[in-house]
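Here is how the chains run, residue by residue.
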Amino acid sequence: MAIFRALLGVFLLGLALPASAQPLQRGPNNIAASLVAESPVPAPGSTTDLAFAMTPKAGWHGYWENPGDAGLGMALSWTLPKGVSVGALRYPVPQTLVIAGLMNHVYEGPYAPLVALKIDPSLAPGTRLPISVKADWLACTDEICVPESATLTTSLTVGDGAVSAAERKRFDDWRQRLPAPLGSEATFVVDGKIVRIAIPFPAAGAIAAPHFFARTEQAISYGAPQAFYRDGDRLIIETQASGAAPQEIGGVLRIGAGLGLDLVAKPGAVAPGGTRIDTASTATPEQGDMLALLATALGGALLGGLLLNIMPCVFPILSLKAISLAKAGGDESAARRDALAYTAGIVSVCLALGGLLLALRAGGEQIGWAFQLQDPRIILALLLLVTAISFNLAGLFEFGTISAGSGLTAKGGASGSFWTGALAAFVATPCTAPFMAAAMGSALILPVPAALLVFAGLGLGLALPFLAIGFVPVLRRMMPRPGAWMATFRRIMAVPMFLTALALVWLLGQQTGNTGVLWGLAAAMALALLLWWLGARQAGGKSGWLPIIPALASAVAAIVLLPMEAGASPKQASADAALQTQPFSEARLAELRAAKTPVFAYFTADWCITCKANEAAAIQREATAAAFEKAGVVVLEGDWTRRDAAISRYLEAQGRSGVPLYVWYRPGEEPVILPQVLTVDTLTALVS
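Thresholds, definitions, all that
Residues numbered from 1 in each chain as written. Predicted model: local features only at pLDDT ≥ 70, side-chain atom pairs only at ≥ 80, totals over all residues. Heavy atoms only, no water. Helix = DSSP H or I, 4+ residues; strand = E, 2+ residues; numbered from the N terminus. Buried < 20%, exposed > 50% of the residue type's maximum accessible area, 1.4 Å probe, protein only. Pairing = 2+ DSSP bridges. Axes fitted to C-alpha atoms, helices over the stretch in contact; angles between N-to-C directions. Salt bridge = Lys/Arg side-chain N within 4 Å of Asp/Glu carboxyl O.

(A) The environment of Gln218, seen in detail. Mapped onto the elements, Gln218 comes out in the loop between strand E14 (211-214) and strand E15 (227-230). On the accessibility criterion, Gln218 (35% relative accessible area) is partly exposed. Each C-alpha atom of the pair Gln218 and Ala244 lies 8.4 Å from the other, and the pair is 26 residues apart in sequence.

(B) Fine view of the sheet that holds strand E6 (residues 95-99). With antiparallel pairing, the three strands of this open sheet are ordered in space as E3-E7-E6. The sheet is open, and its two borders are formed by strand E3 (62-68) and E6, each paired with just one other strand. Pairs of neighbouring strands in the sheet enclose a mean axial angle of 45°, with direction left out of account. Bridge count between E3 and strand E7 (residues 102-107): three bridges; the pairing is antiparallel. Within E7, the residue paired with Gly62 across the bridge is Tyr107.

(C) Region of the structure containing the pattern of salt bridges. If you walk through the whole model with that rule in mind, you get 17 salt bridges. One salt bridge connects Glu65 with Arg215, and the closest N-O pair in it is separated by 3.1 Å. Placement of the pair is Glu65 in strand E3 and Arg215 in the loop between E14 and E15, with a sequence separation of 150 residues. Among the residues examined, Arg215 registers a relative accessible area of 26% and is labelled partly exposed. Linking Glu238 and Arg196 is a salt bridge whose minimum nitrogen-to-oxygen distance equals 3.9 Å. Of the two residues, Glu238 sits in strand E16 (residues 234-240) while Arg196 sits in strand E13 (residues 194-200), which places them 42 residues apart along the sequence. In this pair, the class of Glu238 matches that of Arg196, namely buried. Each of Glu38, Asp49, Arg90, Arg168, Asp172 and Arg175 takes part in one network of salt bridges that share partners.

(D) Geometry of the sheet that holds strand E10 (residues 145-157). Ordered by their spatial adjacency, three strands build an open sheet running E4-E9-E10, and the pairing between neighbours is antiparallel. Each edge of the open sheet is held by one strand with a lone partner, namely strand E4 (75-79) and E10. Here the strands of the sheet are splayed against their neighbours by 15° on average, with no regard to which way each runs. Of the strand pairs in this sheet, E4 and strand E9 (residues 128-140) are connected by five bridges, and their pairing is antiparallel. When the sheet's bridge partners are listed, Thr79 is paired in E9 with Ser132.

Rendered as C-alpha cells:
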C-alpha cells in the first residue's frame, strides 16, 4: 500500500506539473548519493560499515524506511563478491513533515543510512572486493517528487581493518544519529480506534518533542495527533489505530533532536493514565527540541559555573580576587566596575575555549571540555604563570607599586579584574561541577550560536558571586575593611598557589614522564631566578623591567622546546592499590558484558580534581574493593589525561563531553550513569 500511495502521488504530481518543470526528472540527481566504506581494508572475519551519504539540494528531502502517508524509502540491489554479505539498512532518526494534511517521515538535510558489510574469515589478505549496488529512492519538494536512482560502487581489499581518523570521526557522527536499541520490550493494546503503547523509560529520563515513527505499516494513523504520558518508569503513547491489531509494532521513538530509541512492542495490557507531557509549541518539532535542549543546557551551565567557585582547582585564583575586593573597600563605583570587568574576563575565556573546542571538533578532533589541559605545553605555561604569581604573593618581587597579584592580574582597576577573571576561567576548566557535565555534552550537539551561549552561561555562573558582591551593597559591607592584615593574608594566599604549582609539576610528569618533570622544574627555577633578580633591583631602587625580557623569552623557549616525545608509558594499576583496575576499551567492555560479568567503568584524568577526590574518598577504598571482589565486579578505568579518541567517542555516546563519568553495568540490564560525587556507600550499594 505504501508503494502504491507513493507511485500514485508521483503520477498525480507529474500530471499537475507545467511543461517547464518536467526537465527536473533528468540530469543530476536532486539528492546526491555516494557509497562510502569506513575501512578500505577490512580484516577477514570482521564487519565494517558502509554508508549511503545522501545530500539533498536545498528544498528537497528524502524518506525514512516507512515514509508515512506518502513517499518511498530506499530500495537496494547488491552485486557482491564471494565471501561478502550485507545486513539490513539502518536509518538515522527521521523528521516529520506535514504537506496537505499528509504526514511524511523525511530527511531535509544530509543524512546517511548505514549497512554492515561482513567479510568471511576464509578470505585471504590482499583479495580485492568490488562492491556495487543499484539504489532507488524518491526525491521530493513540497510540490513535486522525482524517482531517482544511481549505481554506486566501491572497491575494498582484505587487509588489517585499519580505519583513518577522519573516516572514524565521520562514521561515528553518522552512527550517533542512529536510534539506540531500547533493550527492553514495550507493549501495546488496541482499544477501539485508539492504540496505546507502553515503553519502558526512566521517570527522570529527559525527553523533548517526542514522536513515534511506526516502522510497522498500517499499525497507526501517521497523521493523527500523538499524546504522551509519563507513568512512573513508563512512557505511554496514545494515538489513532489504523486497522486491525498487528502481531507487533516496531518503530522509533524520538526523544530529542537527532536522538531516538528503536523498539518493538508486543500485545499486552496497557491501562490509560499518567501525567501528560505538553508537546505543544509554535515552533517546529526540531526547533522545539533545540529550544528545550538549550534551556536545559544553559541552566546546567549556570549552576555548574556557580558551583565551580567551591571547587579546589579554582580557589587559589579566587584568592587574588579576594585581595582585590578587600583593597577596594567601600568604593561603590569601583566595586561595580571591577565586578563587570571580572565577569567579562571569565566569559571571554569561556567563549574562546568553547569556540576553539567547536572548531577543533568540526575539523575532526575527538576532544572535549578541558581539552587544553591534555597538551603538556599548556600545562607548562600554567606552571610558569602560577610560579610567578606564587613568588609575587610571597613578596619576592613587585610589578610597579602594585602589591597584590601578579602580572596582568595584578594591575589596578578594571584591567586587573579582567585578567584575574580570565585566569580563573582558564584554570577552572579541569573541574567538573555537578550539572556541568550534561550541559557541556549538550553544547556539543547544539548549533554553534546556541553552544556558545551555553559556554557563556558557564562563565556567568562562575562570575556570579563576585558580580553579586559588586552590585549588592549589603554583601559588600560584609567584606573586611582594608588594613595591615592584608599583607599577612597576601603571604598566606601564596601557599595554595605553590600547591597548585606542585600539582601542575605532577601532572606534567603524568603526561611526559621524568624528562618533562625535569624540564618543567628547570624552567620554573630559571624563571624564579630572573624574578629574584627583578626583586633585588626593585629593592635597590632601580627600574624593575630589565629582567622581564629574558624571563618572558625563557618561558616561551621552555614551552616551545618541551620534549613531547618523552611521554609517560601507559599507567598501570599500582600493586598495592585497594581496587585493581583494567584499561578501558569498548572491546573489553563488550567481552565482559557478553560473559555476564558486572562492570564498573570510570573515566578520569590527572588534571580532574573531582576525579581524584572521588578516587581517594570512594573508589580506592578497602570497603569498596572488598564488596566488588565478593561480587566479581571488573573495574575498567578510562584515563583521559591525554587525548584518547576511543574514550571521547564513549563519553559522547553517554551525552558527556568531559570527565568524571561513572557507569555501572549490571548483567542483563541497561547501564546506569552514577552521580559525579561518589561515596563508599554509593558504590557498595551497587552490589548489595
